[in-house]
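Working through the structure, step by step
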Amino acid sequence: MGNQYAASGIVRHFPHVAAGFIAVLVGYTSSAAIVFQAAHAAGATPSQLASWLWALGLGMGVTCIALSLRYRAPILTAWSTPGAALLATGLVGVPMREAIGAFLFASVLMAVLGFSGGFERIMRHVPPSLSAAMLAGILLRFGLGAFSMLGNNLALVGTMIVVFFAARRLWPRYAVPLAFLAGLVVAAASGSIATGEIRWQLSAPELMTPGFSFATLIGVGLPLFVVTLATQNVPGLAVLRANGYATPASPLLGWTGVTGVVLAPFGGFSFNLAAITAAICMSRDADPDPARRYLAAVWAGGFYLLTGIGGATVASLLSAFPQALVVAIAGLALLGTIAGSLTTALAHEEERDAAVVTFLVTASGLTLFGIGSAFWGLVFGYAVSHALRRPQKVAA
């Protein structure tokens, strides 16, 4: 009886585990190399790089688990990929002490903005249709990627697509994990998994004393705060809203900022709400019941803790998978979310033009003043919405 209960529990939670793992897989394989570049730009030693990975994995893991359990919503956090890209160039020639000081400064600003309620007031003015359109624009390239990979990887990606849609008909809850397993089997059979790239190495924290330079705080810390807020936290909260979760924004931003303050001396340069990987945990494939999808984010947090402990080992393991497999499973996992976002974005005729502009600008990849297209999609869409808004008639 006990074994049957345990087996049923494993089966019931399998989609949560799969969604959490795929979210971490996509997050690490898509941007871990940028974090390595940022650390090298700051002159990090091998032990300091390992500490960066430890701090990032620990911070993401703890915040994912704690915030998801607290608010019973799939709250996924991440490092700031645009922030890491900024650091990869901005930290060249900057001493590690000053780099750590810039991380602390950016995280303090994020915590203050969060707990003061300023971010909540800003996001309150964003219509749900624009949030959904922005989300669809962010995820479009992932959906396209699942099919564009077919040309050069027909056996691998074709098998995954066939298994995915067959499972959607027969066992919809297990469509994504079954497609992933099918991809692993084909990749292993064809020798596409680069096992020779796997390195065994655990991470350990190394305290790096901060130093403060006005030039570095303004030239690195302030841009890191702005880029993380505009390109990560704004889309991250919009993803939550687009999926129907009314989780208060202030504590989410505040606690990720506090996490950055605590872990910055160990290399945790930034923590923020995730958008793309969060959408994987918010999809119907993670759980048909939206109230239970937070479990996928909890599992993602557990995997993030493992990546922090495993450090370079986990990063090399995830990078051993063929790119086509990662791109395809990300696209398939996000198909339902893309469809739902477009449905919400275009539901109201009076907001349709603004939603389409938001979608197109976000999908375009536009970058202005170092800020990415997700932020500008909302700005352009809101401007169009405001311009087309009909004046209300005043009662006589």
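Below, the structure is looked at part by part. (Residues numbered from 1 in each chain as written. Predicted model: local features only at pLDDT ≥ 70, side-chain atom pairs only at ≥ 80, totals over all residues. Heavy atoms only, no water.)

1. Quick look at the overall build of the protein
- Secondary structure summary: the protein contains 17 helices and 2 strands in total.
- Taking all 396 residues of the protein together, the buried fraction comes to 54%.
- Long-range pairs, those at least 24 residues apart, make up 84% of the contacts in the protein between residues at least 6 apart in sequence.
- Of the roughly 17,200 Å² that the protein leaves accessible, carbon and sulfur atoms contribute 68%. (Helix = DSSP H or I, 4+ residues; strand = E, 2+ residues; numbered from the N terminus. Buried < 20%, exposed > 50% of the residue type's maximum accessible area, 1.4 Å probe, protein only. Contact = heavy atoms within 4.5 Å. Areas by Shrake-Rupley, 256 points an atom, 1.4 Å probe, with all protein chains shown as cover.)

2. With respect to the packing of helix H6 (residues 128-148) against helix H16 (residues 352-364)
- Across the interface, H6 lies against H16 with an axial gap of 7 Å and an inter-helix angle of 30°. The angle between the axes of H6 and H16 places the two elements in the roughly parallel class. For the pair H6 and H16, the crossing hand works out as right-handed. Residue-level contacts link Ser129, Leu130, Ala133, Met134, Ala136, Gly137, Ile138 and Leu140 of H6 to Ala354, Ala355, Thr358, Phe359, Thr362 and Ala363 of H16.
- Looking at side-chain class alone, the contact of H6 with H16 contains 10 nonpolar, 4 polar and no charged residues. (Axes fitted to C-alpha atoms, helices over the stretch in contact; angles between N-to-C directions. Parallel < 35°, antiparallel > 145°, perpendicular 65-115°, else oblique. Left-handed = near helix turned anticlockwise from the far one by under 90°. Nonpolar A, V, L, I, M, F, W, Y, C, P; charged D, E, K, R; others polar.)

3. As for the packing of aromatic side chains
- With the rule as written, the count across this model stands at 9 aromatic pairs.
- Pairing Trp52 with Phe103 gives two aromatic rings, centres 5.6 Å apart and planes at 80°, and the pair type is edge-to-face. Of the two residues, Trp52 is situated in helix H2 (residues 46-71) and Phe103 in helix H4 (residues 96-115); the sequence distance between them amounts to 51 residues. Considered together, Trp52 and Phe103 belong to a single accessibility category, that of buried residues.
- Considering the side-chain rings of Trp299 and Phe303, the 6.3 Å spacing of their centres and the 35° angle between planes classify their relative orientation as tilted. Of this pair, Trp299 and Phe303 both sit in helix H12 (residues 294-310), 4 residues apart, which is roughly one turn of that helix.
- For Phe303, a relative accessible area of 19% puts it in the buried group.
- Ring pairing ties together the aromatic residues Phe21, Phe180, Trp299 and Phe303, which thus form one cluster.
- The residue whose ring lies beneath Arg70 is Tyr71, and the NZ or CZ to ring-centre distance is 4.7 Å. (Phe/Tyr/Trp six-rings, centres within 6.5 Å; stacked < 30°, edge-to-face > 60°. Lys NZ or Arg CZ within 6 Å of the ring centre and 35° of its normal.)

4. Points about the nonpolar core
- Ranked by size, the top nonpolar core spans 114 residues in total, and within it Trp52, Leu76, Leu87, Leu91, Phe103 and Phe269 carry the most contacts.
- Per-element tally for this core: the top contributor is helix H1 (residues 2-41), with 12 residues.
- Excluding residues within four positions of it along the chain, Phe269 makes contact with Val35, Trp52, Leu56, Trp79, Ser80, Gly83, Ala84, Leu87, Phe103, Ser107 and Leu224. (Core = buried A, V, L, I, M, F, W, Y, C linked by side-chain atoms within 4.5 Å.)

5. Some points on H16
- Here H16 spans 18 Å end to end across 13 residues, near enough to the 18 Å set by a 1.5 Å rise per residue.
- Restricting attention to buried positions, one finds in H16 the residues Ala354, Ala355, Thr358, Phe359, Val361 and Thr362.
- Residues of H16 that are buried sit in contact with H6, helix H15 (335-345) and helix H17 (373-388). (Expected span 1.5 Å × (residues − 1).)

6. Let's talk about a nonpolar patch on the surface
- Together, Phe214, Ile218, Leu222 and Val226 give the surface a local cluster of nonpolar side chains, amounting to about 360 Å² of exposed area.
- On the secondary structure map, Val226 appears in helix H9 (residues 214-242).
- Look at Val226 and you get partly exposed, because its relative accessible area is 33%. (Patch = residues over 30% accessible without salt bridge, like charges linked within 9 Å, V, L, I, M, F, W, Y side chains within 5 Å. Salt bridge = Lys/Arg side-chain N within 4 Å of Asp/Glu carboxyl O.)

7. Structural notes on the environment of Trp255
- Note that Trp255 resides in helix H10 (residues 249-263).
- Among the residues examined, Trp255 registers a relative accessible area of 45% and is labelled partly exposed.
- Residues Trp255 and Ala111, 144 residues apart in the sequence, show an inter-C-alpha distance of 6.6 Å.
- Discounting chain neighbours no more than four positions away, the residues touching Trp255 are Leu67 and Phe115.

8. With respect to the side chain of His16
- By the secondary structure assignment, His16 is in helix H1.
- Judged by relative accessible area, which is 0%, His16 ranks as buried.
- For His16, the side chain forms a polar contact with the side chain of Asp287, separated by 2.6 Å. (Polar contact = N/O pair within 3.5 Å; in protein donor to acceptor, adjacent residues only side chain to side chain.)

9. What about the pattern of salt bridges?
- Under the defined criterion, the tally for this structure stands at 1 salt bridge.
- The partner of Arg292 in a salt bridge is Asp287, and the shortest N-O contact between them spans 3.5 Å.
- Judged by relative accessible area, Arg292 falls into the partly exposed class, the value being 26%.

10. Comments concerning H6
- Between its first and last C-alpha, H6 extends 30 Å over 21 residues, near the 30 Å set by a 1.5 Å rise per residue.
- Leu139 marks the point of greatest bend in H6, at about 40°. (Bend = angle between axes of the 7 residues up to and from the residue.)

11. Some thoughts on the state of the cysteines
- Going through the model one piece at a time under the given rule, you end up with 0 disulfides.
- Of all cysteine sulfurs, the one in Cys281 lies closest to Cys64, which takes part in no disulfide; the gap is 7.8 Å.
- The buried category is assigned to Cys64, whose relative accessible area is 0%.
- Given the relative accessible area of 0%, Cys281 is considered buried. (Disulfide = S-S within 2.5 Å.)

12. Looking at the side chain of Ser80
- Mapped onto the fold, Ser80 is located in the loop between strand S1 (77-78) and helix H3 (81-90).
- A polar contact is formed between the side chain of Ser80 and the side chain of Thr228, at a distance of 3.1 Å.

13. Points about the environment of Phe147
- Here Phe147 shows up in helix H6.
- Between the C-alpha atoms of Phe147 and Val327, which are 180 residues apart in sequence, the distance is 9.3 Å.
- If we skip the residues at most four places from it in the chain, Phe147 touches Ile161 and Leu335.

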